[in-house]
Amino acid sequence: MDCIFCKIVSGEIPSKVIYEDEHVLAFNDIDPQAPIHIVVIPKKHFANILELNDSNILNAIFDSIKNIADKQNMEKGFRIVCNTGSEGGQTVEHLHFHILSGRNLHWPPG
Ligand code: AMP
Ligand code: ZN
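Quantities reported herein were computed from a predicted structural model and do not represent experimental measurements.

Calculation notes
Residues numbered from 1 in each chain as written. Chains lettered and ligands numbered in written order. Predicted model: local features only at pLDDT ≥ 70, side-chain atom pairs only at ≥ 80, totals over all residues. Heavy atoms only, no water. Core = buried A, V, L, I, M, F, W, Y, C linked by side-chain atoms within 4.5 Å. Buried < 20%, exposed > 50% of the residue type's maximum accessible area, 1.4 Å probe, protein only. Helix = DSSP H or I, 4+ residues; strand = E, 2+ residues; numbered from the N terminus. Contact = heavy atoms within 4.5 Å. Donors = N, O, S within 2.8 Å, 3.2 Å for Na, K, Ca; no water. Tetrahedral: all angles 85-135°; square planar, octahedral: opposite > 155°, others 65-115°.

Enquirer: I would appreciate a short explanation of the nonpolar core in the present structure.
Expert: Generally speaking, nonpolar side chains in soluble globular proteins are found buried as a group. Counting 18 residues, the largest nonpolar core has Ile38, Val40, Ile61, Ile68, Met74 and Ile99 as the members making the most contacts within it. Of all the secondary-structure elements, those providing two or more residues to this core are β2 (24-28), β3 (36-42), α2 (55-71) and β5 (97-101). Considering each element in turn, this core owes the most residues, 6 residues, to α2. Setting aside anything within four residues of it in sequence, one finds Ile61 in contact with Val24, Val40, Pro42, Leu95 and Phe97. Cys3, Phe5, Val39 and Val92 belong to the second-largest nonpolar core, a separate cluster that totals 8 residues.

Given below as structure tokens:
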């Protein structure tokens, strides 16, 4: 499958890894939208949140997000974003959660 994030999991495309465990990989976004911008993905390919059918993986993703938020100086706050579908702003068709932090994040989002 021609998937950028599967290639990051396999190491074919390099990334700056922030966190890794059996189910999850987290790495710095290549085009950061905030001083801290980390992408958290399941190692297994799911196109989006609607395709995810394994609660162990969902738990692992959110445990990893809490772990990352603890360790990466986000005490002032952060935002978790899961763009889904074309109108949702999803450009990579491998489920991922953005963690954004390090500046005032606007609401509502654009
Ligand atoms: P989305 O637009 O929600 O699908 O998010 C996809 C994200 O993946 C964007 O923020 C991109 O900057 C990021 N991205 C794309 N290619 C890479 C890459 N090779 N390494 C790190 N982040 C990437
Ligand atoms: Zn993939």
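Enquirer: Explanation requested: the coordination of the zinc ion (ligand 2) in the structure shown.
Expert: Geometry reference: four tetrahedral donors at a metal, ideal angle 109.5 degrees. Six octahedral donors, ideal angles 90 or 180 degrees. Protein coordination of the zinc ion (ligand 2) is provided by Cys3 (SG), Cys6 (SG), His45 (ND1) and His94 (ND1), with donor distances spanning 2.1 to 2.3 Å. Here the zinc ion (ligand 2) is ringed by 4 donor atoms whose angles at the metal span 102 to 117°, and the overall shape comes out tetrahedral. The motif formed by the donor residues of the zinc ion (ligand 2), counted along the single chain, is C-x2-C-x38-H-x48-H. Placement of the pair is His45 in the loop between β3 and α2 and His94 in the loop between β4 (78-81) and β5, with a sequence separation of 49 residues. For His45, a relative accessible area of 23% gives the class partly exposed.

Enquirer: Explanation requested: unusual backbone geometry in the structure shown.
Expert: Trans peptide bonds make up the majority, and among non-glycine residues the majority have a negative phi. Cis peptide bonds are those with omega within 30 degrees of zero, and the linkage from Trp107 to Pro108 qualifies with 0°. Tracing the backbone through its elements, the reader meets Pro108 in the segment after β5. One non-glycine residue, Asn73, lies in positive phi territory at about 55°. Within the secondary structure layout, Asn73 lies in the loop between α2 and β4.

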